[in-house]
Amino acid sequence: MEDEKLQQILDSADSLKAAGKHREAITLCEEILAEDPECNEAYEEIGDNFISLRELSKAEKALRQAIKFAPDSANAAYLMGFLHSCRREWKASILMLEVADDLKPNHSEILRCLGWSYFMSGDTARGVILLERAKTLVPDDVYVLTDLGVCYLNERKIEKALPIFRRVLEIDPNNEKARECLLIVEEYAASSKKLKH
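Residues numbered from 1 in each chain as written. Predicted model: local features only at pLDDT ≥ 70, side-chain atom pairs only at ≥ 80, totals over all residues. Heavy atoms only, no water.

A. Representation of the overall build of the chain within the structure. Looking only at helices and strands, one finds 11 helices and zero strands in the chain. Dimensions of the chain along its principal axes, counting C-alpha atoms only, are 70 × 30 × 30 Å. For the chain, buried positions account for 46% of its 197 residues. Within the chain, contacts between residues separated by at least 24 positions form 44% of all contacts whose residues are at least 6 apart in sequence. Within the structure as shown, the chain displays about 10,800 Å² of accessible surface, and the carbon and sulfur contribution to it stands at 51%. Positive and negative side-chain charges in the chain, numbering 27 and 36 respectively, have mean positions lying 10 Å apart. (Helix = DSSP H or I, 4+ residues; strand = E, 2+ residues; numbered from the N terminus. Buried < 20%, exposed > 50% of the residue type's maximum accessible area, 1.4 Å probe, protein only. Contact = heavy atoms within 4.5 Å. Areas by Shrake-Rupley, 256 points an atom, 1.4 Å probe, with all protein chains shown as cover. Lys, Arg positive; Asp, Glu negative; His and termini not counted. Charge placed at Lys NZ, Arg CZ, Asp CG, Glu CD.)

B. Here's a closer look at helix H3 (residues 40-52). The end-to-end C-alpha distance of H3, which contains 13 residues, comes to 18 Å, matching closely the 18 Å that a straight helix rising 1.5 Å per residue would cover. Most of H3 is tucked away, with 11 of its 13 residues classed as buried. Among all positions of H3, only Asn 40, Ala 42, Tyr 43, Glu 44, Glu 45, Ile 46, Gly 47, Asp 48, Asn 49, Phe 50 and Ile 51 are buried. Buried residues in H3 make contact with helix H1 (3-18), helix H2 (22-35), helix H4 (56-69) and helix H5 (74-86). (Expected span 1.5 Å × (residues − 1).)

C. Representation of a negative patch on the surface within the structure. A cluster of acidic residues, Glu 2, Asp 3, Glu 4, Glu 35 and Glu 41, forms a negative patch on the protein surface. In this fold, Glu 2 is placed in the segment before H1. (Patch = residues over 30% accessible without salt bridge, like charges linked within 9 Å, V, L, I, M, F, W, Y side chains within 5 Å. Salt bridge = Lys/Arg side-chain N within 4 Å of Asp/Glu carboxyl O.)

D. Layout of the nonpolar core. Counting 40 residues, the largest nonpolar core has Ile 32, Ile 46, Ile 51 and Tyr 78 as the members making the most contacts within it. Those elements that place two or more of their residues in this core are H1, H2, H3, H4, H5, helix H6 (90-103), helix H7 (108-121) and helix H8 (124-137). The leading source of residues in this core is H5, at seven residues. The contact partners of Tyr 78, leaving out residues within four places of it in the chain, are Leu 97, Ala 100, Glu 109, Ile 110 and Cys 113. Judged by nonpolar contacts, the second largest core, of 23 residues, contains Phe 119, Leu 153, Leu 162 and Leu 182. (Core = buried A, V, L, I, M, F, W, Y, C linked by side-chain atoms within 4.5 Å.)

E. View of the environment of Ala 178. Along the chain, Ala 178 turns up in helix H11 (residues 176-196). A C-alpha to C-alpha distance of 41 Å links Ala 178 and Glu 38, two positions 140 residues apart in sequence. Contact partners of Ala 178, with chain neighbours within four places excluded, come to Phe 165, Val 168 and Leu 169.

F. The arrangement of the packing of H6 against H7 in detail. One way to put it is that H6 packs onto H7 with a least axis distance of 9 Å and a crossing angle of 150 degrees. When the interaxial angle is binned, H6 and H7 end up roughly antiparallel. Of the two possible hands of crossing, H6 and H7 adopt the one that is left-handed. Within the contact between the two elements, H6 uses Trp 90, Ser 93, Ile 94, Leu 97, Glu 98, Ala 100 and Asp 101 and H7 uses Ile 110, Leu 111, Cys 113, Leu 114, Trp 116, Ser 117, Tyr 118, Met 120 and Ser 121. (Axes fitted to C-alpha atoms, helices over the stretch in contact; angles between N-to-C directions. Parallel < 35°, antiparallel > 145°, perpendicular 65-115°, else oblique. Left-handed = near helix turned anticlockwise from the far one by under 90°.)

Here it is as structure tokens:
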């Protein structure tokens, strides 16, 4: 398959994925594989869509193929790391996300997931540092901000969590997770003040 046609199909699959039409995106990528069974980008797209569908075994199978055909693909390593984090397999997640970070340093989404996995694995300081780095790269990314805010909330660092959740709601007023977290933070801050008086 010539590069231009391949890119058009991959772009169409990506648009379908963005619209939540994951099965249709997978079908398009399977058409690519019928013609080019070693196309790692098609396997990556299939894996990504199966993650969205929460069909993690199918996602893993596709991503293993992607990594087999393109071991130097930062996206395949990132997706496999993200898949492991969905399963709460923090060590495996960190391992793959470190590979992705080596292949594509300073990528905000890789750093976000890596920071979250470190935090959840118990290395909270390193997790927060990585999430802060991601925030420096994309200061208004609601996913980065929300993850960082949740980490600060878990660490009881209310003075750091509060402005983050307020910022998320400025960017995305309908963000339910941020709204819930902000309520918790505000209640915690209010009860802390009462205890001090």
